[in-house]
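The residues making up each chain are set out below.
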Amino acid sequence: MRTPLGWLQLRHDRGRFLVAIAGIAFADLLMFMQLGFQAALYDSNTRLDRAFRGDVVLISPKALNLQNLSTFPRRRLLQALDVPGVVDAQGLYIRTVNWRNPQTLRSATVQVLGFDPDADVLRLPEVQAQADRLKLPDTVLFDRGARGRYGEVIARLDRGEPVTSEIERRTIAVGGLFRLGASFGADATLMASDQTFLRMFPRAKAGSISIGLLTLAPGEPVAPVVRALRRHLPDDVQVLSHADYVQFEENYWRVASPVGFIFGLGTAMAFVVGVVIVYQVLSTDVNAHLQEYATFKAMGFRQRWLLLVVVEQALILAALGFIPGVLMPVWLYAVAAKATSLPIAMTLGRATTVFVLTLVMCLASGAIATRRLQAADPAELF
Amino acid sequence: MGTGAMASAIVIEGLNHHFGRGAVRRQVLFDVALEVAAGEIVLLTGPSGSGKTTLLTLIGGLRAAQGGRLRVLGRELVGATALQLTLARREHGYIFQAHNLHRSLTAAQNVRMALEMRGTLSDAEMDRRARRILESVGLGDHLDVKPDQLSGGQKQRVAVARALVGEPPLLLADEPTAALDSHSGREVVLLMQRLAREQGCTILLVTHDSRILDIADRTLSLEDGRLC
């Protein structure tokens, strides 16, 4: 076995070694936070979309995302039922509105969903279980995972005390709680019956809906029905499979909004910071050992062998820096999830991504640092 | 290669060497001719700037030779490629003015590196040889000590062990006693002499140190780039 020179050399200067590991861990931490927020962004913004019960989703062609869906005629639902394979069609109203936070009595933004309480349009068991309460006039359900100062409101509701608020100068009773969680697009979500929704927004037309959810006969393949619907329905409505609809929402945040780009840029910057730190450490190390490397060259070692020593060091640094670099975010994710009500957690996929990035980061820095090896001239030793 | 070339470890004819280019080009070696027989111990003396270190680096394959004839251990080094020079260097043992040991490695590891380069011996054999030669230079109880914890003389003895552990046919040394006091300097040189004699190794040693002239079979003097 060859003497693990790279490892021995790193270990020899403990101070520099620890600084290098800390630097890589820091770069990893930055990348994890950026990628974590990015994933949370996509995840939280598609959470409600994913909760819709339906095989096919109808939206307006002008729709941008869940907060900007525009509307299309409710008649399209009935027309969709003509297409073989479609067994049920439900319409949803969605609006973003200011309400008075019952706790602070200040104005806050909420997203209101209106639907037929009997129709079972959401894969949220708590909403299903409280469908009867939605049938009471001017009664809504409130999101337990909302962002903002709602702690007392939730405590009061949990104790069974009545809570009221105001939307568009109309008194609204909060009849119960469910858990969804905040997104970047909406701090909180209210569930309401279609009747309550239309009373809240007198200018909203009952015939204009934001989302249509179609249920297909059990075992019916989705793609052919989607094609049939596109042929059958006028072009004032867009037909998407549920999966494509979720992808549509995610794409908005990924591409059209600046948010995806910002986190991507943040990740790239963290990567560059890592390259600079590792390069600094490795090139200092090469410089400090230049005379020793020249000695090895004089003894007959080839340049390639010296390159391997630097590569070995780069790989060791990558592996050792990654350990604290992956453990710290686990804790910070928990802190961030608590503070932002966003779904942020460590995933195996992201850990793998960051580990690969760390390897690339260290090898790239090592490759730059090895250029200094040329300066190790054995003729200068005598 | 003829048998005559093998009997001589070093054959030099008409060797010239220049530093710099154009207007600052300066000749440091003039028509040097030298023949060293295998097993011979030759000392090279001369004032600083006389070109003796340059001559040593050319013989050692650390510097590319420019013209003339330079045959070391049967290899022609004039016109050799970088790879050929690297391979030629593997045949030589070096002892530098400074010990040039690797700070991160223990004495035994430093010595072992010279064997690892060849890559022909088993781990156990490399360890055994490193230990044995360190014992023979009187450092048997300092195997796992790093250079920082050794005295100057001890470090130079590790360097001698590293140079000779591979049993090279040629040992080149540049002022190996310069950093040592007279007692440990003489001790190191005697050690070199004893081990080289045991291995039948040729030694070319550059030195100012008049106290060690008596170990040589022959002493040459270089002045202003000319052997005299």
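Now for a quick tour of the structure. (Residues numbered from 1 in each chain as written. Chains lettered and ligands numbered in written order. Predicted model: local features only at pLDDT ≥ 70, side-chain atom pairs only at ≥ 80, totals over all residues.)

Brief notes about the overall build of chain B
Thinking step 1. Helix and strand content of chain B: seven helices and 10 strands.
Thinking step 2. Relative to its length of 228 residues, chain B is compact, with a C-alpha radius of gyration of 18 Å against a globular reference of 17 Å.
Thinking step 3. Viewed in the frame of its principal axes, chain B has a C-alpha envelope of about 50 × 40 × 35 Å.
Thinking step 4. Evaluated residue by residue, chain B yields a buried proportion of 45% over its 228 residues. (Helix = DSSP H or I, 4+ residues; strand = E, 2+ residues; numbered from the N terminus. Rg over C-alpha atoms; globule rule 2.2 N^0.38 Å. Buried ≥ 20, exposed ≤ 12 C-beta atoms within 10 Å, placed from the backbone.)

Some points on unusual backbone geometry
Thinking step 1. If you check the backbone angles, Leu-105 of chain A has positive phi at about 60° while not being a glycine.
Thinking step 2. Positionally, Leu-105 of chain A belongs in the loop between strand S3 (86-100) and strand S4 (107-115).
Thinking step 3. Even without being a glycine, Glu-175 of chain B presents a positive backbone phi close to 45°.
Thinking step 4. Within the element layout of this structure, Glu-175 of chain B appears in the loop between strand S7 (170-174) and helix H7 (182-199).

Remarks on the sheet that holds strand S10 (residues 226-227) of chain B
Residue and element names in this part refer to chain B.
Thinking step 1. Strand order across the open sheet formed by six strands is S6-S7-S8-S3-S9-S10, with mixed pairing between neighbours. Since the sheet does not close on itself, it has two edges, and those belong to strand S6 (92-95) and S10, each with one partner.
Thinking step 2. Inspection of the sheet shows strand S3 (residues 41-45) paired to strand S9 (residues 218-223) by four bridges, in the parallel sense. The residue bridging Val-42 from the neighbouring strand is Arg-218, located in S9.
Thinking step 3. Here helix H2 (residues 52-59) sits on the sheet and contacts S3, S7, strand S8 (202-206) and S9; the angle it forms with S8, its principal contact strand, is near 150°. (Pairing = 2+ DSSP bridges. Contact = placed C-beta atoms within 7 Å. Axes fitted to C-alpha atoms, helices over the stretch in contact; angles between N-to-C directions.)

Overview of the pairing of S3 of chain A
Residues and elements named next belong to chain A.
Thinking step 1. Note: S3 against strand S10 (residues 211-216), six bridges, orientation antiparallel. Following the sheet pairing, Gly-91 is matched in S10 by Gly-212.
Thinking step 2. As defined by bridge partners, S3 adjoins S4 across eight bridges and the pair is classed as antiparallel. Note that in S4 the partner of Ile-94 across the bridge is Leu-113.
Thinking step 3. Hairpin connection of S3 to S4: six residues between the antiparallel strands, including Leu-105 at a positive phi of 60°.

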